[in-house]
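Overview (structure and organization)
Chain by chain, the residues:
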Amino acid sequence: MSNPNSTFEDKAFLWLVMAVTVLFAVILYPLSGAVSWAVFLAIVFSSLQERSVAVCRGRRGWAALSTLLIIVVSVMLPMALLTVSISHEASAAYDRFKTGELSLAQYFQQAIDALPVWMRALLDRFHLEDLAALQKKLVDTLGKSGDALTAGAFSIGQNTLDFFVNFFVMLYVLYFLLRDGRELAASAARRLPLREEHTTRLFKQFSTVVRATVKGNVVVALVQGALGGVAFWVLGLTGPLLWGALMALLSLLPAVGAALVWGPAALFMLANGMIWQAIALVAWGVLVIGLVDNVLRPVLVGKETRMPDYLVLIATLGGIAVFGLNGFVIGPVIAAMFISAWDIFSETRTASRLPETAAPSRDDVSP
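This is a predicted model, so every value here is computed, not measured.

Criteria and cut-off values
- Here the residue numbers are simple positions, counted from 1 along each chain's written sequence.
- Totals for whole chains, interfaces and linings use every residue, but because this is a predicted model, local features are given only for residues with pLDDT of at least 70 and side-chain atom pairs only at 80 or more, for both listing and counting.
- Side-chain measures were taken over the full set of non-hydrogen atoms in the model, leaving aside hydrogen atoms and water.
- Under the DSSP-based scheme used, a helix requires at least four consecutive residues in state H or I and a strand at least two consecutive residues in state E, with every element numbered from the N terminus.
- Only protein chains enter the area calculation, which uses a 1.4 Å probe; residues under 20% of their type maximum are buried, those over 50% are exposed, and those in between are partly exposed.
- Any pair of residues with heavy atoms lying within 4.5 Å of one another is described as a contacting pair.
- Whether two aromatic rings pair depends on their centres lying within 6.5 Å, for rings of Phe, Tyr and Trp, where Trp uses its six-membered ring; planes under 30 degrees apart make the pair stacked, over 60 edge-to-face, and the rest tilted.
- In plain words, nonpolar cores are sets of buried Ala, Val, Leu, Ile, Met, Phe, Trp, Tyr and Cys residues tied together by side-chain atoms within 4.5 Å.
- Each patch is built from salt-bridge-free residues with over 30% relative accessible area, joining like charges within 9 Å and nonpolar side chains (Val, Leu, Ile, Met, Phe, Trp, Tyr) within 5 Å.
- Per-residue and other accessible areas follow the Shrake-Rupley method at a 1.4 Å probe size, with only the shown protein chains counted as cover for residues.
- Throughout this description, the term salt bridge denotes a Lys or Arg side-chain nitrogen within 4 Å of a carboxyl oxygen of Asp or Glu.
- Here an angle of 0 to 180 degrees is reported between the N-to-C directions of two axes, which are lines fitted to C-alpha atoms, with helices fitted over the stretch in contact.
- If an angle is under 35 degrees, it is roughly parallel; if it is over 145, roughly antiparallel; if it lies from 65 to 115, roughly perpendicular; otherwise it is oblique.
- Two helices that cross are described as forming a left-handed crossing if the nearer one is turned anticlockwise from the farther one by less than a right angle, and a right-handed crossing if clockwise.
- For this classification, the nonpolar set comprises Ala, Val, Leu, Ile, Met, Phe, Trp, Tyr, Cys and Pro, the charged set comprises Asp, Glu, Lys and Arg, and every other residue, Gly included, is treated as polar.
- To estimate how far a helix should extend, the number of its residues minus one is multiplied by 1.5 Å.

1. As for the overall build of the protein
A tally of regular secondary structure across the protein gives 14 helices and zero strands. Reading the secondary structure of the protein in the N-to-C direction produces α-α-α-α-α-α-α-α-α-α-α-α-α-α. Counting the 367 residues in the protein, one finds 29% classified as buried. Of all intrachain contacts in the protein linking residues separated by at least 6 positions in sequence, the fraction that spans at least 24 positions is 67%.

Written out as structure tokens, the structure reads:
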């Protein structure tokens, strides 16, 4: 006969474990982005860490430090310099737009003049014919937004401080994950209340999707953005670095991606009489930028990691809406874990029913 006090104590302890786990998650929430990226980068660069361990003759601490330096110099420092350059170009574009040097009204007026009469009449009905007035209103709106940003300078400084704190935490955690990642993963797997085969499968799927998203999507997005920026620069369009960065960001979305930038740009050039430039941009977008995903992604992550494009799109957009920019990794990872968990659940239920619905053996079947 079971001891009721023992049952009560077990339930109380289970509630205690759940409570402290929730509280620990609350404590980590402000630094969740830093910790998440430390985990993601540790998974992506795990193979580089193992090579460093071999070079350092088994000294995992020195190997982790060398791997961390390689990540900072080869990935983070170029990204920081690129971000500064893009910010300067965006600021210069806004100044030209505000002073009237960059007149969108003039460009769009040329495009409207090329439209059929019935479409121009439709624009007149919605009072969209005075593009100069619309641009003035847009400049005034942006100016008010700029004043609001200036008034919130202290908040911006606070955000900058938060960024550096999160960056330091990410590097600090990343070092220990590189050094002790295998032991920590094995320890976590032993403590999860799941079967060993289920835990192994979920961990493998988690690592696979992280590599596919970070190593695959990010590299593909950077290449597509660079190719788009080069095309804009060759064709003489303003702000090629800024538009290339926007194409790289949108390339994280499957199916549509960079075409949301170079497509309207080609239509704009076509409407303004730049026919051969528009044709060249469309050809470059379809034949070069569009094929990068099909060529690079299988090489980087393999075909077995691909989820349906519609699921990746929904998970990416939902992840960004909930978790901010970090959601472009977290969203697909959650979607992949959702699919794996339900697959395991379905397979477990099917296996439990097999004895009841087992097919007759060959000896039981008459010839």
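2. Remarks on the packing of aromatic side chains
Scanning the entire structure with this criterion turns up six aromatic pairs. Ring geometry for Trp37 versus Phe40: centroids 5.7 Å apart, planes at 80°, classification edge-to-face. Of this pair, Trp37 and Phe40 both sit in helix α2 (residues 32-44), three residues apart, which is roughly one turn of that helix. By relative accessible area, Trp37 is classed as buried at 19%.

3. Some words on the nonpolar core
If you look at the biggest cluster of nonpolar residues, it comprises 30 residues, and the most contacted ones within it are Trp37, Met170 and Leu174. For this core, the secondary structure elements donating two or more residues are α2, α4 (60-99), α8 (153-191), α9 (196-234) and α14 (327-357). The next biggest cluster of nonpolar side chains, apart from the first, holds 15 residues, and it includes Leu235, Met247, Leu250 and Ala258.

4. Details of a nonpolar patch on the surface
Among the surface-exposed residues, Val75, Met79, Leu82, Leu222 and Leu241 lie close enough to one another that they form a single nonpolar patch of about 340 Å² accessible area. Here the nonpolar patch takes three residues from α4, the largest share from any one element.

5. Let's talk about the packing of α9 against helix α10 (residues 240-250)
Two quantities define a packed helix pair, namely the angle between the axes and the distance from one axis to the other. Two numbers describe how α9 lies on α10: the axes approach to 7 Å, and their chain directions differ by 150°. Judged by the angle between their axes, α9 and α10 are roughly antiparallel. In this structure, α9 meets α10 at a crossing whose hand is right-handed. Contacts from Ala221, Leu222, Gly225, Gly228, Gly229, Phe232 and Trp233 in α9 reach Pro240, Trp243, Gly244, Met247 and Ala248 in α10. Looking at side-chain class alone, the contact of α9 with α10 contains eight nonpolar, four polar and no charged residues.

6. Some remarks on α2
Here α2 contains 13 residues, and its C-alpha end-to-end distance of 18 Å stays within 8% of the 18 Å for a straight helix at 1.5 Å per residue. Every buried residue belonging to α2 is among Gly33, Ala34, Trp37, Ala38, Phe40, Leu41, Ala42, Ile43 and Val44, and all of these are buried.

7. Here we look at the side chain of Gln277
Among the structural elements, Gln277 can be located in helix α12 (residues 275-301). Among residues more than four places away in sequence, those in contact with Gln277 are Leu235 and Met269.

8. Structural notes on the pattern of salt bridges
This model, assessed by the stated rule, comprises four salt bridges. Measuring nitrogen to oxygen at the nearest pair gives 2.7 Å for the salt bridge that ties Arg201 to Glu347. Remark: Glu347 occurs in helix α14 and Arg201 occurs in helix α9; sequence separation between them is 146 residues. Arg201 sits in the partly exposed class, given a relative accessible area of 33%.

9. Topic: the packing of α2 against α9
Where α2 contacts α9, the axes come no closer than 9 Å and their chain directions differ by 90°. As the angle between them shows, α2 and α9 are arranged roughly perpendicular. On the side of α2, the interface is formed by Trp37, Val39, Phe40, Ile43 and Val44, while α9 contributes Phe206, Ser207, Val210, Arg211, Val214 and Lys215. Its residues assigned to classes, the contact of α2 with α9 comprises eight nonpolar, one polar and two charged.

10. Examining the side chain of Gln224
By the secondary structure assignment, Gln224 is in helix α9. The residues contacting Gln224, other than those within four sequence positions of it, are Ser251, Ile289, Val292 and Asp293.

11. Focus: the environment of Asn326
With respect to the secondary-structure elements, Asn326 resides in the loop between α13 (309-323) and α14. For Asn326, a relative accessible area of 22% puts it in the partly exposed group. Separated by 292 residues in sequence, Asn326 and Ala34 place their C-alpha atoms 9.6 Å apart. Ignoring any residue separated from it by four or fewer positions in sequence, one finds Asn326 in contact with Gly33 and Trp37.

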